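Coordinate inspection notes
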Amino acid sequence: MFSVAIDGPAGAGKSTLAKAAAAKLGFIYIDTGALYRTVTYAVKAGGVDIEDESAFKRLLASIKIELEFIDGVQHVFLNGKDVSELIRTPEISASVSIVSAVPMCREFFLDFQRSLADKYNAIMDGRDIGTVVLPNAQVKIFLTASPEVRADRRYKELLEKGHEVTYEEVLDSVIKRDDRDSNRETAPLKPADDAVLLDTSNLNFEESLEEIIKLIRG
Ligand code: CDP
């Protein structure tokens, strides 16, 4: 199977670009952030203290997380319930990088992600896809943009969905999350040695998409 790994910090445009590129190429798009967001949702819903290793272990053993691809769009289910929208709130964004840093949590999804890449031609986006999950991916892209541009994109997205946030709050949250993701011990956010860096600060959506398609076709 053909695998494209797209990694990068929060709000770099990974998901919108990966989704569009996948649709163009007939690949499936796998958003791995949704998995960590779903665990975070379950942690919050269950009132679990993730510092308590055995409680976190019990939670992981008790939940069922599934992905379904409906008209090419990924939906994530927690114990049979579609939580795709519920996991995209500022509250979940604020906690997800704490939960995703726990090694047990990363281990929990490793084989699952790899088995998807074995089954489908896929564009997979995340933080550690090119470095840890799919080190043999045929194409690796590290997508970045300045923190201000990324926060601005995320801010507009949240406003459109009706969340009450300020630009400053979003910028602060994005910076904190990148910092945690980049400095954790297990599978930190960083470009793979053989990844192509693509900075989209000064590119619009169409231009970014064109670059990505070019990299994949090349
Ligand atoms: O869409 P956005 O860039 O805001 O983030 P996401 O892709 O939904 O990922 C949410 C969080 O999940 C990240 O900040 C990481 O803490 C974690 N994550 C990870 O650790 N490894 C991945 N492969 C994907 C996400």
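Above: the structure in question.
Definitions and cut-offs
Residues numbered from 1 in each chain as written. Predicted model: local features only at pLDDT ≥ 70, side-chain atom pairs only at ≥ 80, totals over all residues. Heavy atoms only, no water. Salt bridge = Lys/Arg side-chain N within 4 Å of Asp/Glu carboxyl O. Helix = DSSP H or I, 4+ residues; strand = E, 2+ residues; numbered from the N terminus. Buried < 20%, exposed > 50% of the residue type's maximum accessible area, 1.4 Å probe, protein only. Core = buried A, V, L, I, M, F, W, Y, C linked by side-chain atoms within 4.5 Å. Contact = heavy atoms within 4.5 Å. Phe/Tyr/Trp six-rings, centres within 6.5 Å; stacked < 30°, edge-to-face > 60°. Axes fitted to C-alpha atoms, helices over the stretch in contact; angles between N-to-C directions. Parallel < 35°, antiparallel > 145°, perpendicular 65-115°, else oblique. Left-handed = near helix turned anticlockwise from the far one by under 90°. Nonpolar A, V, L, I, M, F, W, Y, C, P; charged D, E, K, R; others polar.

Let's shift gears to the pattern of salt bridges. Pairing is possible between side chains of opposite charge, provided their charged atoms come close. Tallying each qualifying case throughout the model produces 11 salt bridges. Here Glu 66 and Lys 64 are joined by a salt bridge, their closest N and O atoms 3.6 Å apart. Of the charged contacts in the structure, one is a salt bridge between Lys 156 and Asp 152, with a shortest N-O distance of 2.8 Å. Note that Lys 156 and Asp 152 are positioned in helix H7 (residues 147–160) at a spacing of 4 residues, about one turn of the helix. Relative accessible area serves as the criterion here: at 28%, Asp 152 is assigned to the partly exposed category.

Here we come to the nonpolar core. Counting 36 residues, the largest nonpolar core has Val 39, Phe 56, Ile 65, Cys 105 and Met 124 as its most contacted members. For this core, the element with the highest residue contribution is helix H2 (residues 33–46), accounting for 7 residues. In contact with Cys 105, other than residues within four places in its own chain, are Tyr 36, Val 39, Phe 56, Leu 60, Val 99 and Ser 100. If you look at the next biggest cluster of nonpolar residues, it comprises 18 residues, including Ile 6, Ala 22, Tyr 29 and Leu 209.

This paragraph deals with the packing of aromatic side chains. Applying the stated criterion to the full structure yields 5 aromatic pairs. A ring pair is formed by Tyr 36 and Phe 109, whose centres lie 5.3 Å apart and whose planes are at 75°; its orientation type is edge-to-face. Here the residue Tyr 36 occupies a position in helix H2, and Phe 109 occupies one in helix H5 (residues 103–119), the gap between them amounting to 73 residues. Comparing Tyr 36 with Phe 109 shows no difference in burial state: the two are buried. The interplanar angle of 80° and the centroid separation of 6.2 Å between the aromatic rings of Tyr 155 and Tyr 167 together place this pair among those described as edge-to-face. Within this pair, whereas Tyr 155 is found in helix H7, its partner Tyr 167 is found in helix H8 (residues 167–183), the two being separated by 12 residues in sequence. According to the relative accessible area criterion, Tyr 167 is partly exposed, its value standing at 22%. Three or more aromatic residues joined by ring pairs form one cluster here, namely Tyr 36, Phe 108 and Phe 109.

Along the polypeptide, Glu 148 turns up in helix H7. Using a relative accessible area of 43% as the deciding quantity, one classes Glu 148 as partly exposed. Note: C-alpha distance between Glu 148 and Ser 201 (53 residues apart in sequence) is 9.1 Å. Apart from residues no more than four positions distant in its own chain, Glu 148 is found in contact with Tyr 167 and Leu 171.

This paragraph deals with the packing of H7 against H8. In the contact formed by H7 and H8, the axes pass within 9 Å of each other and the chain directions differ by 120°. Considering the angle they form, H7 stands oblique to H8. Once H7 is placed against H8, the crossing between them reads as right-handed. Residues Pro 147, Glu 148, Arg 150, Ala 151, Asp 152, Arg 154, Tyr 155 and Leu 158 of H7 form the contact with H8, whose own contacting residues are Tyr 167, Val 170, Leu 171, Val 174, Ile 175, Arg 177 and Asp 178. Class assignment of the residues belonging to the contact of H7 with H8 gives a composition of 9 nonpolar, no polar and 6 charged.

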